[in-house]
Amino acid sequence: MILTGGLKSLLPHVLRKIIRCNRLSISSTSGMAEGYKQANVVILHKSLADDFEKFCHANDGPLPLLYRSKPGDWKCPSLSKDSDIRTDCLQYRMYEHGVCTGSLKSLKEYSEQLKDMVTFYLGCSFSNVEQKCNVSMYKTAVPCYSVSTFCCNLVVSMRPIPESKLEAAVLATSELKEAHGAPIHMGDPGLLGIQRLSKPDYGDPVHLQPGDIPVFWACGVTGVEAVINCRAPLAFTHSPGCMFITDLKNDNVTGRSSRGVPQVHCISRDPLHYSIVSSEAAQKIKTLETLIGIDPGDRGIIHLHRPGELLQACLAISHAASVLITTGFPTHYTYEPPEENDGPPGALAIAAILQALEKEVAIVTDQRAMDLNKKIIEEAVQLGILKRPVPLFSYQRESADSALMFLCENGNPERPRFNHLIAIERAGMAADGNYYNARKVNIKHLVDPIDELFLAAQTIPGVMTTGVGDGGNELGMGKVKDAVKKHIKNGDVIACDVEADFTIVAGVSNWGGYAIACALYILSTCEIHDRYLRKAVGFPQLSKKTVWLSALPSVTKEEKLLKALVRHGVRSGKTASLEMEVDGLPFYNTHSLMIEKLL
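Cut-off values and rules
- Residues numbered from 1 in each chain as written.
- Predicted model: local features only at pLDDT ≥ 70, side-chain atom pairs only at ≥ 80, totals over all residues.
- Heavy atoms only, no water.
- UniProt positions renumbered as here; feature names shortened; annotations may be inferred.
- Helix = DSSP H or I, 4+ residues; strand = E, 2+ residues; numbered from the N terminus.
- Buried < 20%, exposed > 50% of the residue type's maximum accessible area, 1.4 Å probe, protein only.
- Areas by Shrake-Rupley, 256 points an atom, 1.4 Å probe, with all protein chains shown as cover.
- Lys, Arg positive; Asp, Glu negative; His and termini not counted.
- Charge placed at Lys NZ, Arg CZ, Asp CG, Glu CD.
- Core = buried A, V, L, I, M, F, W, Y, C linked by side-chain atoms within 4.5 Å.
- Contact = heavy atoms within 4.5 Å.
- Polar contact = N/O pair within 3.5 Å; in protein donor to acceptor, adjacent residues only side chain to side chain.
- Salt bridge = Lys/Arg side-chain N within 4 Å of Asp/Glu carboxyl O.
- Pairing = 2+ DSSP bridges.
- Axes fitted to C-alpha atoms, helices over the stretch in contact; angles between N-to-C directions.
- Phe/Tyr/Trp six-rings, centres within 6.5 Å; stacked < 30°, edge-to-face > 60°.
- Lys NZ or Arg CZ within 6 Å of the ring centre and 35° of its normal.

The name an unreviewed UniProt entry gives the chain is D-glutamate cyclase, mitochondrial, with Antrostomus carolinensis as the organism. Listed under Sequence similarities (unreviewed entry) in UniProt, the entry text for the chain is "Belongs to the D-glutamate cyclase family." We quote the UniProt Subcellular location (unreviewed entry) comment for the chain here in full: "Mitochondrion matrix".

(A) A look at the overall build of the chain. The helix and strand tally for the chain stands at 19 helices and 22 strands. In terms of overall dimensions, the chain has a C-alpha envelope of 90 × 50 × 45 Å along the principal axes. Sorting the 599 residues of the chain into buried and exposed places 58% on the buried side. Accessible surface, the chain: about 24600 Å² in total, of which carbon and sulfur atoms supply 51%. Of the charged side chains in the chain, 63 are positive and 65 negative, and the gap between their average positions amounts to 6 Å.

(B) Region of interest: the nonpolar core. Among the nonpolar cores identified, the biggest contains 65 residues, and I325, I353 and I516 are the most heavily contacted of them. Sorting elements by how many residues they give to this core places helix α14 (residues 509-524) first, with 11 residues. Residues in contact with I353, not counting those within four places in the same chain, are A517, L520, Y521, W548, A551 and L552. Formed by 43 residues, the second largest nonpolar core is a distinct cluster that contains L48, C152, L197 and V537.

(C) Representation of the environment of Q355 in the model. Inspection of the secondary structure puts Q355 in helix α8 (residues 344-356). Taking the C-alpha atoms as reference points, Q355 and I385, separated by 30 residues in sequence, lie 11 Å from one another. Ignoring any residue separated from it by four or fewer positions in sequence, one finds Q355 in contact with V361, L386, K387, R388, P389 and V390. Side-chain polar atoms of Q355 contact the backbone oxygen of R388, separated by 2.9 Å.

(D) Quick peek at the side chain of Q38. With respect to the element layout, Q38 can be found in strand β1 (residues 36-45). Of note is the side chain of Q38, whose polar atom sits 3.4 Å from the backbone oxygen of M32.

(E) Broad picture of the pattern of salt bridges. In this structure the tally under the stated criterion is 22 salt bridges. Between R269 and E163 there is a salt bridge, with the nearest N and O atoms lying 3.0 Å from each other. Here E163 lies in the loop between β7 (153-162) and α4 (166-174) and R269 lies in strand β13 (residues 262-269), a separation of 106 residues in the sequence. A relative accessible area of 57% means that R269 is categorised as exposed. A relative accessible area of 35% means that E163 is categorised as partly exposed. Linking D530 and R534 is a salt bridge whose minimum nitrogen-to-oxygen distance equals 2.9 Å. For D530, a relative accessible area of 6% puts it in the buried group. One continuous salt-bridge network, built from bridges that share partners, spans E339, D366, R368 and R426.

(F) Fine view of the sheet that holds strand β19 (residues 464-469). The 6 strands lie next to each other as β17-β16-β15-β18-β19-β20, forming an open sheet whose pairing is parallel. For this open sheet the edge positions go to β17 (392-394) and β20 (502-505), each flanked by a neighbour on one side alone. Neighbour to neighbour, the strand axes of the sheet diverge by 25 degrees on average, direction disregarded. As judged from the 6 bridges shared by strand β15 (residues 322-328) and strand β18 (residues 420-426), these two strands associate in the parallel manner.

(G) Spatial organisation of the packing of aromatic side chains. Considering all chains together, one arrives at 12 aromatic pairs under this definition. Measuring from centroid to centroid gives 5.3 Å for Y121 and F244, while their planes differ by 65 degrees, and the two rings are edge-to-face. Here Y121, found in strand β5 (residues 117-123), pairs with F244, found in strand β12 (residues 244-249); they are 123 residues apart in sequence, far enough to count as distant. The two residues Y121 and F244 agree in class, both being buried. The side chain of R86 reaches across the aromatic face of W74, ending 3.6 Å from its centre. Of note, R159 hangs over the ring of W217, and the distance from its end group to the ring centre comes to 5.3 Å.

(H) Representation of unusual backbone geometry within the structure. Cis geometry marks the peptide bond from D270 to P271, where omega comes out at 0 degrees. Structurally, P271 is set in the loop between β13 and β14 (272-278). Of note in this structure, K440 is not a glycine but carries a positive phi near 70 degrees. For K440, the location among the structural elements is in the loop between β18 and α11 (451-457). With relative accessibility at 42%, the residue K440 sits in the partly exposed group.

Spelled out as C-alpha cells, the structure:
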C-alpha cells in the first residue's frame, strides 16, 4: 500500500496509475495532484444521456460539464491521457432503480453493460480548495431546475471561513466556473434547510472555530441525487470524495475588471446572512444614494445620512420573498384627507418593481385612509404604474400580541408572512409616544400604531426593516434620532424613536422610494448577484430585464401619479422643493430625471 505522504505533488497520470493498481490506503482524493482539476463522475444508459446533459446545463453551478463520452467510451482524451473510467476512481457506487446496491473498487466486471452507457465528467471543488479530510456535504431544500426524470434538490459542500477572509474566498473561487465558482450561500445553514452542520449527508464533519462563518458551494454530488431520483435500472457514480483526477491545470484568473469583482456584505445578523454583489453594481447604488441625499430645503439632513445603507437595505429586500410597505403622513391635519403627496408615489414605485420581480407585496395603512389608498392603487393600475392591485391592510392593536399575529401565521415567529418591512414617509412615534409633524403639532389622533409592527419585527429572526425619511420624524428614523435632535429644527420633540435595520435618508422621501426601486433593478441585472440569489441553479433571469425596466419609476409616471393624488385631494408636503428650479425645470422632476438617466 502507498500512504498519503507526497500525493499532493504527484502528477495526475501517476496518481491514476496508482489508483488503478488499488495501491492507496485513503478514502478521498482531496488535496491530491495540487493544481490539477478533479471531476465528479456519473455513468448512465445512453437513452438518458441527452436529458442528463440538459439537466447539467440547466444547473451548471453544481454540475459544470467538462466532458461527455460516447456510449462505451472509457477514455476522455480532452481531460486526460491513458485513462480508463472503469478503474481510475478510488471508489464507485452502483445504483439500481434509485437504490445504492454497492461500493466498488473497479467497474471492469460491468464492461458489457458499460458499452451502452455514457460517462459524464463534472467539475469539482477539490480542484481549488485543499482540505485535510473529505469536505462536509449536505442536502438542501433548494430545488434544482428539473429536466424530464432528472429532478432533485441541490447538494452543497461547506468550508468554514473566518469573517475577515470571506471576500478573499469569494474572489478566489468566483472565476473558477468549472469548479463550482463562487459560494451560493454564506451564513446560517438553516436558510438552506440544513438542520445540523455536525451531521453531513456526505463526507466528514468539519468543525468551525470561533469567528468562522459557514460558507457553502454548489456540489457535484447533486448529480448523485439526480441519479437516485431518476431511478434508472442501472447507473454508476464516483463515491463522494473519490474523484477522477484530470490532466488539466486549474485556470489562473488575471486581469479582472471592477465589473466582475464581487463584494461581500452582511445583510442580517439573526439569522446570519451575507450577500454578494459586483463592484460595478455597488458603485451605481452608492451614486444613487448620493443623488437622493441632496437637501433642497436646506434642513440639515446631511447630518442624518447613513452611507451604504441603501445598498444593504436593497440587498436584504432582494433576498426577501414577501415585502410589506407602509406610508402616510397626515401633515395637513386640518384638511380631509390630511395626507401629503410625499410617500405614496415612492411606495408605489417600490411595489411596482417588487411585482415585476415576482415577489409578494402588500401595503398597510391607517384605517381612516383605507378608501383613499384603495382609490390610489386602482388608479395606479389604470395608469400602468402597477401590474395589478396591491393587497391593502390596516392594523389596530387589540391585544399584546396583535403585531405578532399580524406578521406571522398564528403568531408563530418561525412562520413570518413577510420577510421585509419598508416604511416610507410614514409618521413615526416619538419618545413620548406621540406623533409630530415638522412644526411640532401632535397628530397622534390621525395615526394608527403601525410602529408596533416594526418593533415586533425586531423579535422575529429573518424579518428585516427599512425606514425612508427626509426629516427624522418618520418611522424607522430611530437609528439617527440623536442627530435629528441636534441638527433638525424641533428635533428634540419630533424625532422618531423607532429604529429600522436600515435607514435611508433623502431630500424628498419619494426619491428614496425611487432609489430603492432603481437599486433593486441594478441588483437584478447584476450577474454575480443573480447567480447568488438563485443558488447557481436554473437559468439567469436577465431575459426578464425588459419587464423590470418597464416597472421602474419615471418622470412621466411621477407626473401622472401626482396629478391623480391632487384629484383625490392629497396636498403637497414639500412645497419648497417643488417650487425650486434647475435648468428651468421643477427641481422635483429634474431630480427624478437624473435618477432615470443613471440607469
